[in-house]
Amino acid sequence: MSLYPLTAHALLDAFKSGKASAKEAYEDVLGRIKAVEPKVKAYVRQAKTSPDFSGGLPIPIALKDNLCTKQEEITCASRILKGFISPYDGGVIERVKKSGGVIVGFANQDEFAFGSSCETSCYGPTFNPWDLQCVPGGSSGGSAAAVAADEAVWALGSDTGGSIRQPASFCGIVGMKPTYGRVSRYGLIAFASSLDQIGPLTKDVRDCALLMNIIAGYDERDSTSVNEPVPDYTKALVNDVRGLKIGIPKEAFAEGLDPEVRASLEAALALLKKLGAAVKEVTLPHTPYAVATYYIVATAEASSNLARFDGVRYGLRAQPVKARKNALVDMYEETRSRGFGPEAKRRIMLGTYALSSGYYDAYYLRGQKVRTLIKNDLDEVFKDCDAIITPTSPTVAFKIGEKTSDPLSMYLSDIYTIPANLAGIPAISIPGGFSKSGLPIGLQLMGKAFDEEMLLRISYTYEQNTEWHTRKPKL
Ligand code: GLN
């Protein structure tokens, strides 16, 4: 029996009944990597630490290349961090190790998580397992492709504006961004600190609940971590949406929405109604400003977070061939010029501009105000609804290179995912259909803060009544 295609819960059953061992599962996954990785290129590095199979949940996991793991090289897919060895385990890594998780390797991403396609990585792109000419989405594209191609049983990614959900949607898997504060970011290399969250990418909704059980919880080393009790998320997996009220924002049918994605959303609404949920049209009037707001707030925070990469403390240190100003300034400039790729430079410049005196009020402060309006819209809808449904992305996976010369069109692929980050609420992407060309379509559900259980319940019910999650790419 092949073990690599199995979900984590199916593997755990196989371990329990003695049908398979954790070592066999790991070796099977390694064999799969050998077979398909030359085509997919999901990983940037194999884990150096040798696997330990003695823990309770020895599931082979892929980690995004921005999660600090002790004695491992962690680079955020950036030249500037090449050679950086993490001296410690981040909060989620400690939890994964404590659960017995077997770290397979580090997955590709956009450089510093800046992107929606995995094309800004200094290692080159990852390829979508469903169509190798297409992007896997981003920024956690390597994590999503690894799971979709069965090169890992599950994976962790990070989501600042959609980076877990959009690649999950493009690769036909489940991806959840938990509530801000639910999962520790201690040891996550920061992109935009008021938006970043770590979350699971899995083959089905049950695995998402299981991985949430492992990673959720308070961590005093992350000042934004919230000390709220963590439920057993698997208890939310009931096949029942009767009596629930699901909001469908009229803004979801925005310009640029692919007709096939729209049709999948409409079919999902019909199914949820048939299963007993009430579907109600709602409005989020400020969401048309979400992308603009995000690109002020996120770049401002990124420019500040990236200031620490100066050649002194981490990774790359570069000296100019000829002295220019003074030795220290020359070294800073050379390191940053050579270390950062074009998208990172673009964001540092945009963010520094938005924060500069004279423009701070006009951009950053105004952005923060609009952020509040977007959050207020969502709060208003949640007074009456248990969840909100939208597409995850306006389109299916696009071709490699299709949007690289037009950053704005790339940024627009996040219109549905960004509001949840701005408001700090949880959101999930689940498989919701396929295009005629055979590419996966994702559905997004957003919920109230700390109500991941509601998202899991609706997602599980939808999944139990559809078969999208059972399809596999032919590789
Ligand atoms: N695609 C978005 C961006 O480029 C979101 C990235 C993310 O969530 N890390 O910023």
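Residues numbered from 1 in each chain as written. Predicted model: local features only at pLDDT ≥ 70, side-chain atom pairs only at ≥ 80, totals over all residues. Heavy atoms only, no water.

**Details of helix α4 (residues 141–148)**
Burial within α4 is extensive, with eight of its eight residues counted as buried. When we look at burial in α4, the residues that qualify are G141, G142, S143, A144, A145, A146, V147 and A148. At the C-terminal side of α4, D150 shows a positive phi close to 60 degrees. (Buried < 20%, exposed > 50% of the residue type's maximum accessible area, 1.4 Å probe, protein only. Helix = DSSP H or I, 4+ residues; strand = E, 2+ residues; numbered from the N terminus.)

**Some remarks on the site of the ligand**
Close to the ligand lie 15 residues, the nearest being T160, G161, S163, Y294 and D414. Y294 is positioned with one of its side-chain polar atoms (N or O) 2.6 Å from an oxygen atom of the ligand. In isolation the ligand has 290 Å² of accessible area, and contact with the protein removes 100% of it. Residues of the shell around the ligand, tallied by class, amount to five nonpolar, seven polar and three charged. (Near = heavy atom within 4 Å. Polar contact = N/O pair within 3.5 Å; in protein donor to acceptor, adjacent residues only side chain to side chain. Areas by Shrake-Rupley, 256 points an atom, 1.4 Å probe, with all protein chains shown as cover. Nonpolar A, V, L, I, M, F, W, Y, C, P; charged D, E, K, R; others polar.)

**With respect to empty space enclosed by the protein**
A complete count under the given rule lists four cavities of 30 Å³ or more for this structure. For the largest cavity, the calculated volume is near 80 Å³. If you go around the largest cavity, you meet 13 residues; those closest to its centre are A113, G115, S163, Y294 and D414. (1 Å grid on protein atoms, 1.4 Å probe; cavity = no way out; pocket = protein on both sides within 12 Å on 5 of 7 lines; lining within 4 Å. Points joined across faces, edges and corners; volume = space filled by probe spheres on them.)

**Focus: the pattern of salt bridges**
Under the criterion given, the structure shown has 26 salt bridges. Note that R242 is salt-bridged to D240, the shortest N-O span being 3.1 Å. By relative accessible area, which is 60% here, R242 ends up exposed. A relative accessible area of 23% means that D240 is categorised as partly exposed. Salt-bridge contacts for D379 lead to K375; the nearest nitrogen and oxygen are separated by 2.9 Å. Here D379 pairs with K375, and both are found in helix α11 (residues 361–382), just four residues apart, close to one helical turn. Classification of D379 as partly exposed rests on a relative accessible area of 35%. You can call K375 partly exposed: its relative accessible area is 34%. (Salt bridge = Lys/Arg side-chain N within 4 Å of Asp/Glu carboxyl O.)

**Observations concerning a nonpolar patch on the surface**
A grouping of V312, L328 and Y332 is seen on the molecular surface, where their side chains present a nonpolar patch of about 240 Å² in accessible area. Mapped onto the secondary structure, V312 falls in the loop between α8 (290–305) and α9 (327–339). (Patch = residues over 30% accessible without salt bridge, like charges linked within 9 Å, V, L, I, M, F, W, Y side chains within 5 Å.)

**Let's talk about the pairing of strand β9 (residues 387–391)**
In terms of burial, β9 is a largely internal element, five of the five residues being buried. Relative to β9, strand β7 (residues 245–249) runs parallel, the two being bridged by two bridges. The residue of β9 that forms the bridge with I246 is A387. With four bridges joining them, β9 and strand β11 (residues 440–446) adopt antiparallel strand pairing. Counterpart to I388 in the pairing with β11 is M446. (Pairing = 2+ DSSP bridges.)

**Overview of the nonpolar core**
Within the largest apolar cluster, 141 residues are counted, with the highest numbers of intra-cluster contacts made by F112, L156, I215, L378, I428, L456 and I458. The residues contacting L378, other than those within four sequence positions of it, are L284, I388, P419, A423, I425 and M446. (Core = buried A, V, L, I, M, F, W, Y, C linked by side-chain atoms within 4.5 Å. Contact = heavy atoms within 4.5 Å.)

**Some points on the packing of aromatic side chains**
Counting across every chain of the model gives 17 aromatic pairs. Seen from their ring centres, Y295 and Y411 are 3.8 Å apart, and the 10 degrees between their planes marks the pair as stacked. Within this pair, whereas Y295 is found in helix α8, its partner Y411 is found in helix α12 (residues 407–411), the two being separated by 116 residues in sequence. For the pair Y295 and Y411, one class covers both residues: buried. (Phe/Tyr/Trp six-rings, centres within 6.5 Å; stacked < 30°, edge-to-face > 60°.)

**Considering the sheet that holds strand β8 (residues 278–282)**
Strands sit in the order β1-β3-β2-β4-β6-β5-β10-β11-β9-β7-β8 across an open sheet of 11 strands; the sheet is mixed. Only two strands of the sheet have a single partner each, and these edge strands are β1 (43–46) and β8. For this sheet, the mean inter-axis angle between neighbouring strands, taken without regard to orientation, is 30 degrees. Relative to strand β10 (residues 427–434), strand β5 (residues 174–177) runs antiparallel, the two sharing three bridges. Following the sheet pairing, M176 is matched in β10 by I428. (Axes fitted to C-alpha atoms, helices over the stretch in contact; angles between N-to-C directions.)

**Remarks on the layout of surface pockets**
In this structure, the largest pocket occupies an estimated 420 Å³ of space. Here the residues of the lining of the largest pocket sort into 13 nonpolar, six polar and three charged. The space that makes up the second largest pocket amounts to roughly 300 Å³. As for the second largest pocket, its lining consists of 15 residues, and the residues nearest its centre are Y88, L188, I189, A190 and R308.

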